[in-house]
Amino acid sequence: MLLDGLGIGESPRWHEDRLWFCNWGTDQIVAVDIEGNSEVVLHDAAVAPHSIDWLPDGRLLIVPGNADCTARLLQQDAHGSLTPYGRLDRLPSGFNEITTDGRGNVYVNGADFNFLAFIEQAMKDMASGDQTPLHERPDFVPGYIALITPDGEARQVADDIAFPNGMAITPDNRTLIISESFTGALTAFDVADDGGLSNRRVFADGLGPDGICIDADGAVWTSQGQRDCVRVTEGGQILTRVEIDRDPFACMLGGPDGQTLFIMAAVWNPANPFGGPRTGQVLIIDAPAPHTGWP
């Protein structure tokens, strides 16, 4: 265990020799080094950082978690000032995850529905015997992926995503992989020269994917079930399994040689996800192959 006493750690990114992540429930972005020395680098209740990534020129991008925030995507300059990023008027609302590629393209995803209210009702229905899969419920709203190009223009590039979560892009900028959490699948797309997505296909299924990352062997680290982090190949072969004692929310490779796996773990309490005991942890373990790609 590298760090504990957190809310829910999400959107981990290895950047400038530290792991940066959003500490849900505390309105913070935290950075921690490989020795466990941590720093709150942003604390802003008006933003409540939800997910983060960096542009190639070093600007930090932040998806706000506060529904009252006046901007749907923020950029932070070298002096720490936050300003809106991109022209997003034509995109659906409800941004969730973000990742950039090596060309300065930004991908965001989301879905236009209230996730916590949806899950609360689904759990009540399941307790009453209704076992309808989440993505087949009548109140489910499919999600999307949107592209924001370096000039700030935005357009939707994929739809019908069964609750979009973490995304990763291969180092050649040619393949985007996204977690479809409600169907337990990783879905891959080809990335065109203009950033558009095509050739949708299943990369691996039978999982419980949330935040993901790619290693130099082309495998993806993700979650499976409520207690396992797995390294999976295209086609679904599980190469490595790490068992933990709480829910894995995201994985990221980093460290000095890119070969440390960071696991963001917490006890998920859907009835009060951001209250109660601070069960969030950053766990680390040596990985068999180093990080590659984006983020």
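A. View of the pattern of salt bridges. Enumeration according to the criterion identifies 18 salt bridges in this entry. Arginine 155 is the partner of aspartate 194 in a salt bridge, and the nearest nitrogen-oxygen pair spans 3.4 Å. In this pair, aspartate 194 is assigned in the loop between strand S16 (185–191) and strand S17 (197–204) and arginine 155 in strand S13 (residues 154–161), connecting sequence segments 39 residues apart. Take aspartate 194: its relative accessible area is 48%, and that puts it in the partly exposed class. A salt bridge links aspartate 193 to arginine 174, with the nearest nitrogen and oxygen atoms 2.7 Å apart.

B. Summary view of the environment of tryptophan 14. On the secondary structure map, tryptophan 14 appears in strand S2 (residues 8–15). The exposure class assigned to tryptophan 14 is partly exposed, which follows from its relative accessible area of 24%. Taking C-alpha positions, tryptophan 14 is 8.2 Å from proline 295, a pair spaced 281 residues apart along the chain. Apart from the residues lying within four places of it in its own chain, the contact partners of tryptophan 14 are Leu19, Met252, Leu253, Gly254, Gly255, Pro256 and Phe262.

C. Region of interest: helix H1 (residues 115–127). Taking 1.5 Å of rise per residue, the 13 residues of H1 would be expected to cover 18 Å, and the 18 Å separating its terminal C-alpha atoms lies within 8% of that figure. Taken as a whole, H1 has its buried residues at Phe118, Ile119, Ala122 and Asp125. Angularly, the buried residues of H1 cover 125° about the axis, an arc narrow enough to put them on a single face. Of the residues trailing H1, glycine 129 is marked for its positive phi of about 105°.

D. Looking closely at the pairing of strand S19 (residues 220–224). Counting buried positions along S19 gives five out of five residues, so the element sits mostly inside the fold. Burial of S19 is two-sided: the residues Val220, Thr222 and Gln224 facing one way and the residues Trp221 and Ser223 facing the other way are all buried. By the bridge criterion, two bridges tie strand S18 (residues 213–215) to S19 in an arrangement that is antiparallel. Its bridge partner being in S19, isoleucine 214 is matched across the sheet by valine 220. Connecting S18 to the next strand, S19, in antiparallel fashion are four residues, including glycine 218 with a positive phi near 85°. Here S19 runs beside strand S20 (residues 228–232); their pairing, made up of five bridges, is antiparallel. Note that in S20 the partner of threonine 222 across the bridge is valine 230.

Reading guide: rules and limits
Residues numbered from 1 in each chain as written. Predicted model: local features only at pLDDT ≥ 70, side-chain atom pairs only at ≥ 80, totals over all residues. Heavy atoms only, no water. Salt bridge = Lys/Arg side-chain N within 4 Å of Asp/Glu carboxyl O. Helix = DSSP H or I, 4+ residues; strand = E, 2+ residues; numbered from the N terminus. Buried < 20%, exposed > 50% of the residue type's maximum accessible area, 1.4 Å probe, protein only. Contact = heavy atoms within 4.5 Å. Expected span 1.5 Å × (residues − 1). Arc of directions from axis to C-beta. Pairing = 2+ DSSP bridges.

So far we have only geometry, and geometry alone does not tell us how the molecule works.
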